[in-house]
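Reading the structure
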2 protein chains.
Amino acid sequence: MNYLNATKAEKNALYGTLRAEYDALAAQGLSLDLSRGKPSGEQLGESMPMLGENCTLRYLSENGFDCRNYGVLEGLPEMRAFWSELTGIPAKNIVVGGNSSLNLMYDTLSRAMLYGVAGSPRPWCREEKVKFICLTPGYDRHFAICESLGIEMISVPLLSDGPDMDKVEALVAADASIKGMWCVPKYSNPSGITYSDEAVRRLARMKTAAPDFRIFWDNAYMVHDIENEGDALLDLFAEAHLVGNGDRVFFFSSTSKITFPGAGIAMMAMSDANLSLALSVLTVQTIGYDKMNQIRHLAFLPDKAAVEAHMKKQARYLKERFSIVLDTLKRDLGDTGVAKWTAPRGGYFVSLDVLPHTAKRVYALCKEAGVTLTKVGATFPYGVDPEDKNLRLAPSYPKTEDLALAMRVLTLAVRLAALESLLA
Amino acid sequence: MNYLNATKAEKNALYGTLRAEYDALAAQGLSLDLSRGKPSGEQLGESMPMLGENCTLRYLSENGFDCRNYGVLEGLPEMRAFWSELTGIPAKNIVVGGNSSLNLMYDTLSRAMLYGVAGSPRPWCREEKVKFICLTPGYDRHFAICESLGIEMISVPLLSDGPDMDKVEALVAADASIKGMWCVPKYSNPSGITYSDEAVRRLARMKTAAPDFRIFWDNAYMVHDIENEGDALLDLFAEAHLVGNGDRVFFFSSTSKITFPGAGIAMMAMSDANLSLALSVLTVQTIGYDKMNQIRHLAFLPDKAAVEAHMKKQARYLKERFSIVLDTLKRDLGDTGVAKWTAPRGGYFVSLDVLPHTAKRVYALCKEAGVTLTKVGATFPYGVDPEDKNLRLAPSYPKTEDLALAMRVLTLAVRLAALESLLA
């Protein structure tokens, strides 16, 4: 039944039925979690060979360097080559970090605040105002970095094929205080969409009023396909260099969702000019990242072919869970007219739009029934979803039977909240 | 022969003899390095059991948390307890970091710049000027952090029992722009001295004009005794809390010179107020440090007793090398009157003062003969030793036979440079 066309009597009757079903589930004392984009224990198990002595006892790099000791700030040559093969970016432009690409992103932005970037008239903390474009729905931790550093966030919609480029181009051309933007270009968090070639080309080419505008390109899900044929993403690093805007791109990725979220290998890549400035600070900031973890990773996953084979195994667990989510959404909400969702071909999230002004109510109903969702508003700057309609679903972590149960609760909550709103 | 009392003829004759000896060594095409405070391969070998499957396959923390996954920003409870046992600081005041305590120090200071610390009227980057007291000779990487962040450095001598406290007290009482100071309180880098109880008490109690003055207490060598009975260091964290100045202390340490320099576990400790502010930023900066490395370390070194037993093994390698250094210095320079040095009971360095205005010449002579020393001036702010006399010797890394050879070159260079200066 399409709720929007239903009579009041029909809605009332339906509400009673659904409420009874919801109450029965709520009475079970569930404790389920759809909020965290964490790999499941089964996924992590696939990387356990990396902790065997075949991998852990190595400590000499290919050029004979002892990885146990100090040094090699920019990362082992073979690890930079590994990332180069995966990303297509020259190894000389790659720095290998610690276990957290978020940390590299925060540090890159705080470096910009304290020192400026290549081409900055002054450190960004000395500017009257610094603004960033934030695509919505988007990744809460990107927004949190801006908020923490006092950077004003401007929301621009993320469409089904990338940023609303007309809006982005108009904004960055007009306002020199807009110094950057956040992007998750492949299997975007949370909507799962991948930027079109045209969007990437326009990002590389657009005119910016700020001479030191930067795109923080968080390619977290670059090899995280669920379907056999993954989405293709154009190489922004190459595109930007092609048109003389190479300094525009700060590229980030990690193995957090390839091997271990808490103990992976992060990387960043940038133009020669950007890198030389970054390294001049990095060499003061740290004595070098953990090279033993680098060599251990390489022993387990020596190249792109090994990563792709490994990711096929990961995909099985994710596909099973994404199917549960998408099947339940279709079955329970498909003809209601009160929900829209994405069907990503990779990544970790499904973005669900419910009837405007009911997302918080959905969250509360789920909570009452023992199902934790990502906080409503998390996918928007300052934690405020202006339409109160977007929910981020993270199906990777729960066991499949728990996930199925949680999804039943969720779709009941979506329908109940919609009916309450329509009946009010 | 005491060179200062020798006749010109004596000095000329001696110069000829020593020069011939030096030339013969220089002709050998040596390539030796006394510049880096790195553990030797033998030392690193003592930690290899940590890379066996007994240690590497563990991933569940004591409370059942999966260390492979995201989370536990402040560090595993058992790792905080480990550091608490080692330092005497309550576990609740400890944050476990990545592999680099230098990184924690830089981040702590850059946080102060961007956000201020507990009690700051404003972020330090908004102050007209920020100054730090730097004890000399001291650790070049501390100075580099200040220089990078635009913090003005004020040199104060480090005496044989700690900072020149009369000078320190006078400076911090008079100048509110002095916001902090760097200390390596035990086996100080490079002189190897340990602060007296009185020095620690005065640091805890001194009046500071700045309401947000901070001591960066880099306790890098807390368990790094070479002799059976190590130096005792008073607990500044406790002392400062005792007199109501608990917020004054930022405490740092690491296992870099316990297990692996490149893949150890760093920590920091601070008062409740400081920690709450630091965590509010850390939670934005990173998703958490590498807990797999934490649990691996705990499997290898579960407690203080294990650390102490392990450090006894490390001490053997260091004692052998320190003896070569000190014996050679005594034999070759003992009665010359042109050199003074420290005889540390732990740590990684020996500080050598040569005849004023000859250190750079010593460096050059060593270099010509294939022996690399730490750059002259590195132990002073801005890389300038005003008297051009201090050399930092780092004996830990070379093989013993190489070290003996390098020390022969060094003492020849010291004598030649002194004679050149006295004959000029």
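Preceding this section is the structure that the text describes.
In this report, we go over the structure that sits alongside the text. These figures come from a predicted structure and were not determined experimentally. (Residues numbered from 1 in each chain as written. Chains lettered and ligands numbered in written order. Predicted model: local features only at pLDDT ≥ 70, side-chain atom pairs only at ≥ 80, totals over all residues. Heavy atoms only, no water.)

**Description of the overall build of chain A**
Put simply, the test is: Secondary structure counts use DSSP, requiring at least four H or I residues in a row for a helix and at least two E residues in a row for a strand, with both numbered from the N terminus. The reference for a compact globule is 2.2 Å times residues^0.38; the radius of gyration itself is calculated from the C-alpha atoms. The classification of residues rests on relative accessible area computed with a 1.4 Å probe and restricted to protein chains. Under 20% of the type maximum is buried, over 50% is exposed, and intermediate values are partly exposed. Here, two residues are considered to be in contact whenever any of their heavy atoms come within 4.5 Å of each other. Accessible surface is estimated by sampling points in the Shrake-Rupley manner with a 1.4 Å probe; for residues, cover comes only from the protein chains shown. Under the convention used here, Asp and Glu are negative, Lys and Arg are positive, and both His and the chain ends fall outside the count. Taken as the charge location is NZ of Lys, CZ of Arg, CG of Asp or CD of Glu.
Summing up its helical and strand segments, chain A has 14 helices and 13 strands in all. At 23 Å, chain A has a C-alpha radius of gyration in line with the 22 Å of a compact globule built from 424 residues. Dimensions along the principal axes, computed over C-alpha positions, put chain A at roughly 75 × 55 × 35 Å. For chain A, the proportion of its 424 residues judged to be buried stands at 62%. Counting only contacts in chain A whose residues sit at least 6 apart along the sequence, the fraction spanning at least 24 positions is 76%. Accessible surface for chain A amounts to roughly 15,100 Å². Of this, 51% is attributable to carbon and sulfur atoms. A gap of 2 Å separates the mean positions of the 46 positive and 50 negative side-chain charges of chain A.

**What about unusual backbone geometry?**
A negative phi angle characterises most non-glycine residues, just as the trans form characterises most peptide bonds. Look at the link from threonine 136 of chain A to proline 137 of chain A: it is a cis peptide, with omega at -5°. Mapped onto the elements, proline 137 of chain A comes out in the loop between strand S3 (131-136) and helix H6 (140-148).

**A word on the pairing of strand S11 (residues 350-354) of chain B**
Residue and element names in this part refer to chain B. Where we set the bar: For two strands to be treated as a pair, DSSP must find no fewer than two bridges joining them.
The buried fraction of S11 amounts to five of the five residues, a majority that puts the element mostly inside the structure. Side-chain alternation along S11 places Val350, Leu352 and Val354 on one buried face and Ser351 and Asp353 on a second face that is also buried. Of the strand pairs in this sheet, strand S10 (residues 339-341) and S11 are connected by three bridges, and their pairing is antiparallel. The partner of lysine 340 across the bridge, within S11, is aspartate 353. Both S11 and strand S13 (residues 390-393) contribute to a ladder of four bridges, which runs antiparallel.

**Concerning the state of the cysteines**
Counted only if it meets this: Cysteine sulfur pairs qualify as disulfides if the two atoms are within 2.5 Å.
Inspection of the entire model under this criterion finds zero disulfides over all chains. Cysteine 67 of chain A provides the cysteine sulfur closest to cysteine 55 of chain A, a residue in no disulfide bond, and the two sulfurs are 13 Å apart.

**A word on the interface of chain A and chain B**
Rules: Joining two parts hides part of their accessible area as seen by a 1.4 Å probe, and the buried area is that hidden amount summed over both. Definition used for salt bridges: Asp or Glu carboxyl oxygen within 4 Å of a side-chain nitrogen of Lys or Arg. Here a polar contact is taken to be a pair of N or O atoms separated by no more than 3.5 Å, where protein atoms must pair a possible hydrogen donor with a possible acceptor and residues adjacent in sequence count only if both atoms sit in side chains. For this classification, Asp, Glu, Lys and Arg are treated as charged, while Ala, Val, Leu, Ile, Met, Phe, Trp, Tyr, Cys and Pro are nonpolar and the rest, including Gly, are polar.
Contact residues are listed per partner, giving 57 residues for chain A and 57 residues for chain B. Interface of chain A and chain B: buried area, both sides summed, is about 4,700 Å²; carbon and sulfur atoms make up 55% of it. Area buried by chain A at its contact with chain B is led by Arg68, Tyr70 and Val284 of chain A, which between them contribute 15% of it. One can count zero salt bridges joining chain A with chain B. Between the two partners, chain A and chain B, sit 25 residue pairs in polar contact (both at pLDDT 80 or more). When contributions to the side of chain A that touches chain B are tallied by element, the ones reaching two or more residues are helix H2 (41-45), helix H3 (53-56), helix H5 (101-115), H6, helix H10 (272-285) and helix H11 (291-300) of chain A. In terms of residue count, the dominant contributor to the side of chain A that touches chain B is H5 of chain A (eight residues). A per-class count over the side of chain A that touches chain B returns 27 nonpolar, 18 polar and 12 charged.

**Brief notes about the pattern of salt bridges**
Per the stated rule, a full pass over the model turns up 48 salt bridges over all chains. Note that aspartate 66 of chain A and arginine 68 of chain A form a salt bridge whose closest N and O atoms lie 2.8 Å from each other. Residue classification places aspartate 66 of chain A among the buried positions, given a relative accessible area of 16%. Note on arginine 68 of chain A: relative accessible area 4%, which makes it buried. Notably, a salt bridge pairs lysine 167 of chain B with aspartate 164 of chain B, separated by 3.5 Å at the nearest N-O pair. Note on lysine 167 of chain B: relative accessible area 43%, which makes it partly exposed.

**Some thoughts on the side chain of asparagine 274 of chain B**
Residue and element names in this part refer to chain B. Relative to the assigned elements, asparagine 274 resides in helix H10 (residues 272-285). In this structure asparagine 274 comes out as buried when scored by relative accessible area, which is 3%. Setting aside chain neighbours within four positions, we find asparagine 274 in contact with Ala118, Arg214, Gly246, Asp247, Val249 and Phe250.

**Notes on the relation of the copies chain A and chain B**
The two chain copies are related to each other by a rotation about an axis together with a translation along it. To be explicit about the condition: Residues reaching a pLDDT of at least 70 in both copies supply the C-alpha atoms on which the copies are superposed by least squares.
The transform that puts chain A on chain B rotates by 180° and translates by 0.0 Å along the axis, for an RMSD of 0.1 Å. The operation mapping one copy onto its partner corresponds to a two-fold rotation axis. When C-alpha distances to the rotation axis are compared across chain A, the minimum falls at glutamate 53 of chain A, with a value of 3.1 Å. Looking at the interface residues of chain A, 100% of them are also at the interface in chain B, so both copies use one shared face.

**Focus: the side chain of glutamine 294 of chain A**
Residue and element names in this part refer to chain A. By the element assignment, glutamine 294 lies in helix H11. The class of glutamine 294 is buried, set by a relative accessible area of 1%. In terms of polar contacts, glutamine 294 uses its side chain to reach the backbone amide nitrogen of leucine 76, at 2.9 Å. When sequence neighbours within four positions are dropped, the list of residues in contact with glutamine 294 reads Gly75, Leu76, Met79, Val96, Gly97, Ile265 and Tyr289.

**A word on the sheet that holds strand S4 (residues 152-159) of chain A**
All names here are of chain A. Counted only if it meets this: Axis definition: a line fitted to C-alpha atoms, over the contacting stretch in the case of helices. Angles run 0 to 180 degrees between N-to-C directions.
Spatially, eight strands are ordered S2-S9-S8-S7-S6-S3-S4-S5 in an open sheet, and the strand pairing comes out mixed. Looking at which strands have only one partner, the edges of the open sheet turn out to be strand S2 (94-96) and strand S5 (162-163). As judged from the four bridges shared by S3 and strand S6 (residues 178-183), these two strands associate in the parallel manner. Each residue of the ladder has a partner; that of phenylalanine 132, found in S6, is glycine 180. Helix-sheet contacts for helix H8 (residues 197-205) involve S5, S6 and strand S7 (214-218), and the interaxial angle to S7 is about 145°.

**Notes on the sheet that holds strand S10 (residues 339-341) of chain A**
Residues and elements named next belong to chain A. The sheet built from three strands is open, its strands ordered S10-S11-S13 with antiparallel pairing. Since the sheet does not close on itself, it has two edges, and those belong to S10 and strand S13 (390-393), each with one partner. Between one strand axis and the next, the sheet turns through 25° on average, direction left out of account.

**Describing the pairing of strand S8 (residues 249-254) of chain B**
Each regular strand displays side chains that alternate between the two surfaces of the sheet. Residues and elements named next belong to chain B. Test applied: Handedness is read with the strands pointing away from the viewer; a crossover is right-handed when the path from the first strand over the helix to the second is clockwise.
Buried residues dominate S8, accounting for six of its six residues. Taking every second residue as pointing to the same face, both faces of S8 are buried, with Val249, Phe251 and Ser253 on one and Phe250, Phe252 and Ser254 on the other. In terms of handedness, the path from strand S7 (residues 214-218) via helix H9 (residues 236-242) over to S8 forms a crossover that is right-handed. Two elements, S8 and strand S9 (residues 266-269), share four bridges in a ladder whose sense is antiparallel. Bridge pairing in S9 links serine 254 to alanine 266.

**Some words on helix H13 (residues 359-368) of chain A**
All names here are of chain A. For the record, the criterion: An arc is given here, and it is the one of the directions from the helix axis to the C-beta atoms.
Among the residues of H13, those classed as buried are Ala359, Val362, Leu365 and Cys366. Buried residues of H13, viewed axially, fall in a sector of 120°; they line one side. Facing away from the buried surface of H13 by more than 90 degrees, the exposed residues are Lys360 and Glu368. Lining the buried residues of H13 we find helix H1 (8-26), strand S11 (350-354), strand S12 (371-372), S13 and helix H14 (400-423). Remark: glycine 370 follows H13 within two positions and exhibits a positive phi of approximately 85°.

**Quick word on the environment of phenylalanine 65 of chain B**
All names here are of chain B. Inspection of the secondary structure assignment puts phenylalanine 65 in the loop between helix H3 (53-56) and helix H4 (77-87). Residue class for phenylalanine 65 comes out partly exposed when judged on its relative accessible area of 25%. Taking the C-alpha atoms as reference points, phenylalanine 65 and valine 200, 135 residues apart in sequence, are found 39 Å from one another. Every residue in contact with phenylalanine 65, bar those within four places of it in the chain, is listed here: Tyr59, Leu60, Tyr70, Gly71, Val72 and Lys291.

**A few points about the packing of H5 of chain A against H10 of chain B**
Put simply, the rule reads: Any angle that falls under 35 degrees is termed roughly parallel, while one over 145 is termed roughly antiparallel, one within 65 to 115 roughly perpendicular, and all others oblique.
For the pair H5 of chain A and H10 of chain B, interaxial distance at closest approach is 8 Å and the crossing angle is 110°. It follows that H5 of chain A is roughly perpendicular to H10 of chain B by the angle criterion. Facing H5 of chain A, whose interface residues are Leu102, Asn103, Tyr106 and Asp107 of chain A, H10 of chain B presents Val281, Val284 and Gln285 of chain B. For the contact of H5 of chain A with H10 of chain B, the class distribution of residues is four nonpolar, two polar and one charged.

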